[in-house]
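One letter stands for each residue in the lines below.
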Amino acid sequence: MKWFGKKNKKEKQEPVMQEAVLTLYACRKDNDSGATIVETAKRLFSDKMEQIILTDEENFCIQLKDKTEIQFHMEIDPKKTALQANGMANFFSQALLKNETVKQAALMQIRLFNCIVGINFLVSEDVERTQELVQTFYQMAKQLGALVLHPTMCLYHSDGRLLISIDGNSDFEEYYPEASSTILDREANEQEVDRERKNRSIAILKQKNIPYMEHLKASVFEAECHIPDKAQIIQRLVCIFAASVRSEVYTSGQFENCEETAADQFAQLDALYQIAGCLSPEEKAYLESPDAEVSQHNKFGWRYECCAVLLWALSMIEMQEPTEICDAAKLGSILWNHTFDSLMESAVVRSKEEILDFQDLVLRYDWACVDARIHHKPLSILDGDIVYEWHYALNWLVQADGITQWDDVTTTT
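Residues numbered from 1 in each chain as written. Predicted model: local features only at pLDDT ≥ 70, side-chain atom pairs only at ≥ 80, totals over all residues. Heavy atoms only, no water.

**Considering the packing of aromatic side chains**
Part 1: Going through the model one piece at a time under the given rule, you end up with 14 aromatic pairs.
Part 2: Ring centres of phenylalanine 121 and phenylalanine 137 lie 4.8 Å apart, and the angle between their planes is 55 degrees; on these two criteria the pair is classed as tilted. With phenylalanine 121 in strand β5 (residues 115-123) and phenylalanine 137 in helix α4 (residues 127-144), this pair connects stretches of sequence that are 16 residues apart.
Part 3: In this structure, arginine 246 is placed above the aromatic ring of tyrosine 286, and the distance from its NZ or CZ to the ring centre is 5.4 Å.
Part 4: For arginine 303, the ring lying beneath its charged end belongs to tyrosine 392, and the centroid distance is 4.6 Å. (Phe/Tyr/Trp six-rings, centres within 6.5 Å; stacked < 30°, edge-to-face > 60°. Helix = DSSP H or I, 4+ residues; strand = E, 2+ residues; numbered from the N terminus. Lys NZ or Arg CZ within 6 Å of the ring centre and 35° of its normal.)

In structure tokens, the structure reads:
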């Protein structure tokens, strides 16, 4: 099979074994993907294997009866999978598919990937054996709700049809991105209120002449949405603000002793809001690092935009259009002049419906920004960096994908 490369010729009559690679990409929402993958592989290879060996949480090996091995590497870390998914989407955005609708749907599906399974195995000139192995991998893909990437950079559906190739081919006339159908049937959870929300968002996009994907569903349905309580929102807000303040101290050029000034600023915020024990691991590491890299300062500097979203959710400010950065001084005038108790008294958490409306609209803003960036199209009505931060904060607010930990939030949905 040509995607495994050319076969080496040897004079000996013994089978010539070559390394082969396939990769499964899935969008999963189960809380134990690793165990699910292992059990699926074990079940499908039960009649072909001698044993299965669990190396660690990310790797396992199946020893086949013919004395060869299949190595599996699982990647479900949100940051790593998001990085790979975005890289793949950028790569396939160069494909010259005639059907632009299928191409954009494929790119959206790729961006949704959050589970990657690399498979290394040996093939020989025994075509029947190779086909049997590959067919089993496709059965595994079907049960995991995954797509299959070949080394030729062709992405296949689990039914064997080509979804997209870099040279611009596809077997699909229509394709709709979806999550794993084996473990979550979200279609059944979508209600009329969710469809109405989507339609309201699309109406706004049309009015502003912003591109949109008609078949992109809400990432969080109203029935499954859980907004954090007021205290949690305030604590998260001030933790983000503290890291942003440190970034400003280091990047503004106004302070001679940045470390001392940043430590003093944090101490004041902690006295007002008691946040030392509420920091995320990434925030804690940043606030305690005396020699953080410029990229870290930039990352946390942009988080002022997340502060704006959470202050909006607390009914303390109104949001402007995402074309200019927020007024950090305005945010500061609120937070420096309150305490945890006084903000608890003054703030009113907006309704779930209002927050979901905003999240759904910003989800579609973000898709339009990514699409414009991939195709080098102007989109002056939206600033992609601002939209990304809004999307991040809103996904935390609505607990998109069931994620409640700040550092684990993704913007793929």
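**Observations concerning the pairing of strand β2 (residues 49-54)**
Part 1: Here β2 runs beside strand β3 (residues 59-64); their pairing, made up of five bridges, is antiparallel. Its bridge partner lying in β3, glutamine 51 is registered against glutamine 63.
Part 2: As consecutive antiparallel partners, β2 and β3 are separated by four residues. (Pairing = 2+ DSSP bridges.)

**Quick notes on helix α8 (residues 281-288)**
Part 1: Looking only at α8, the buried set comprises Glu283, Tyr286 and Leu287. Down the axis, α8 shows its buried residues gathered within 95 degrees of arc, on one side only. Those residues of α8 that are exposed and aimed more than 90 degrees away from the buried face are Pro281 and Glu288.
Part 2: Packed against the buried residues of α8 are α6 (230-251), α7 (258-273) and α9 (294-302). (Buried < 20%, exposed > 50% of the residue type's maximum accessible area, 1.4 Å probe, protein only. Arc of directions from axis to C-beta. Contact = heavy atoms within 4.5 Å.)

**Here we look at the pattern of salt bridges**
Any two side chains of opposite charge can pair if their charged atoms end up close together.
Part 1: All told, the structure shown has 18 salt bridges when counted by the stated rule.
Part 2: For arginine 197, the salt bridge goes to aspartate 357, with nearest N and O atoms at 2.8 Å. Taken together, the residues span a long stretch of sequence, with arginine 197 in helix α5 (residues 192-207) and aspartate 357 in helix α13 (residues 352-374) at a distance of 160 residues.
Part 3: The buried category is assigned to arginine 197, whose relative accessible area is 2%.
Part 4: Several salt bridges converge on common partners, so that one network encompasses Asp194, Arg197, Arg200, Glu222 and Asp357. (Salt bridge = Lys/Arg side-chain N within 4 Å of Asp/Glu carboxyl O.)

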